[in-house]
Amino acid sequence: MQIKLWVNNKVFEDDIAVDTLLIDYLRSKGFYSVKRGCETANCGLCTVHLEGKPVLSCSTLVMKANGLHVTTLEGMQEEVEEFGTFLADEGAEQCGFCSPGFIMNVLAMKKELVNPTELEIKQYLSGNLCRCTGYMGQLRAIKKYLEIAKED
Amino acid sequence: MFTIKNYVVAEDLAQAYELNQKKNNIVLGGIAWLKMGERNIQTAIDLSKLGLDKIEEDEECFKIGCMCTLRDMEVNASLNSYFNGAISRSLVHIVGVQFRNCATIGGSIYSRFGFSDILTLLLALDTYVELYNGGIIPLSTFKDMPYDNDILVRIIIKKDARKVSYFTHRMSATDIPTLAVAISKLEDKWQVVLGARPQKAMLVNKAETILSETPTKEEIDSLVDYVIKEVKFGSNMRGSKEYRQILAKVFINRGIEEISGGTYAN
């Protein structure tokens, strides 16, 4: 079926199989930050923004994104680099496989929550799994990042 | 994963209903559960252009469109100014924000999952479902009806001043519940709902007669005895029947205490 959508503000028009998942479509277009870490909609690695809201691209049909704007990690270079520095400074990453989805959700959280508590941060990010770490480094990085962000 | 041959963005409910009469056609919710199966779908029916993603309210009730996401319900300030914010509390542990931005209330309630948090909670409120063909019926009736070809259009929650508590036990923060217990009290009437037993949620009808307005220790014990004797609990990988019975006892005590303003001593 014919579709038209925007990925990182660039328009894509395609004839797709109607059961194509957004994750597979995005990867076919070269957006390799979008990863599949599980088969059960649990890990959060495939997180992208659909009209600014974080969604699981593994649980979204491309048809649902028809006419809408999708943002992947590749489309948010500046913000990603800024937060990525905080992650690196805290030594938060080990293998880094879960980082793109995690960062996309942190950026969505920053937009949505005002001055969140630690509990609110944990609840917002609990759908992003990391199998290397204990999340402590990430939490330190987020707190420092949000402190800085507040000063803007 | 499923396959879909044709995809129809419904122009109105009449068209959606007509398409849904064929066995191999299906109405799409958030697809998070659907994609776990292997169905071969002839025609997928998309209701997302019918304006059914909103939470509307009037003086008497909230009307929640079937395509409203679980996340939209969780963060809706007006909806959560009722029932001690229990709607939000029942949703917050479901996988993650990204998942709840996909999953729809229509998909959750139509499916009547055994593990459903929100079905458990809504059964403790004065909740109805609006079906395209079947009209408006109580959720407590709908939850035991067979899966048919009707379309769940809206969830209707009557506004009242009931107090509500909600407790679950989970193996990890974002797992499905091992047991879910919702308790509500409106004037002197108590409602106790047990979900994830692991069978689908059910109302303990006897609670209303066993519990007085301010329940005594004896009344609560007698309700717990009744629940353990009469309510069917089962075993699965998340917990045994006996473990769930112990959890039920604790949560019933805590829920009643929370509403009556007592302590957690149990």
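Only a predicted model underlies this, so the values are computations on that prediction, with no experimental measurement involved. (Residues numbered from 1 in each chain as written. Chains lettered and ligands numbered in written order. Predicted model: local features only at pLDDT ≥ 70, side-chain atom pairs only at ≥ 80, totals over all residues.)

Structural notes on the sheet that holds strand β1 (residues 3-9) of chain B
Within a beta sheet, neighbouring strands are joined by backbone hydrogen bonds and run either parallel or antiparallel to one another.
Residues and elements named next belong to chain B.
Then, in step 1: Reading across the sheet, the 3 strands line up as β1-β3-β2 and stay open at both edges, with parallel pairing between neighbours. Strands with a single pairing partner mark the edges of an open sheet, and in this sheet they are β1 and β2 (26-28). In this sheet, adjacent strand axes meet at a mean angle of 35 degrees when their direction is disregarded. (Pairing = 2+ DSSP bridges. Helix = DSSP H or I, 4+ residues; strand = E, 2+ residues; numbered from the N terminus. Axes fitted to C-alpha atoms, helices over the stretch in contact; angles between N-to-C directions.)

Quick notes on the sheet that holds strand β5 (residues 61-65) of chain B
Residues and elements named next belong to chain B.
Then, in step 1: Read from one edge of the open sheet, 5 strands run β4-β5-β8-β6-β7, paired in antiparallel fashion. The outermost strands of the open sheet, each flanked by one partner alone, are β4 (55-57) and β7 (135-138). Within the sheet, the average angular offset between the axes of one strand and its neighbour, ignoring direction, is 25 degrees.
Then, in step 2: In the sheet, strand β6 (residues 127-131) pairs with strand β8 (residues 152-158) via 5 bridges, with the strands oriented antiparallel. Looking at β8, one finds that Glu130 is bridged to Arg154.

Some remarks on the packing of helix α3 (residues 77-89) of chain A against helix α4 (residues 99-112) of chain A
Residues and elements named next belong to chain A.
Then, in step 1: Put simply, α3 and α4 touch, their axes get as near as 10 Å, and they point 100 degrees apart. Judged on the interaxial angle alone, α4 and α3 are roughly perpendicular. Packed against α3, whose contacting residues are Glu79, Val80, Phe83 and Gly84, the element α4 presents Ile103, Val106 and Leu107 at the interface.
Then, in step 2: Residues of the contact of α3 with α4, tallied by class, amount to 5 nonpolar, 1 polar and 1 charged. (Parallel < 35°, antiparallel > 145°, perpendicular 65-115°, else oblique. Contact = placed C-beta atoms within 7 Å. Nonpolar A, V, L, I, M, F, W, Y, C, P; charged D, E, K, R; others polar.)

A look at the domain arrangement of chain A
Residue and element names in this part refer to chain A.
Then, in step 1: Along its sequence, chain A is organised into domain 1 (2-74) and domain 2 (76-151).
Then, in step 2: Inter-centroid distance (C-alpha atoms) of domain 1 to domain 2 is 21 Å.
Then, in step 3: Domain 1 puts 15 residues into the contact, and the matching count from domain 2 is 14 residues.
Then, in step 4: Counting only elements with at least two residues in the side of domain 1 that touches domain 2, the list comes to β3 (47-50) and β4 (53-56).
Then, in step 5: The greatest single-element share of the side of domain 1 that touches domain 2, amounting to 3 residues, is contributed by β3. (Domains from an automatic or database assignment.)

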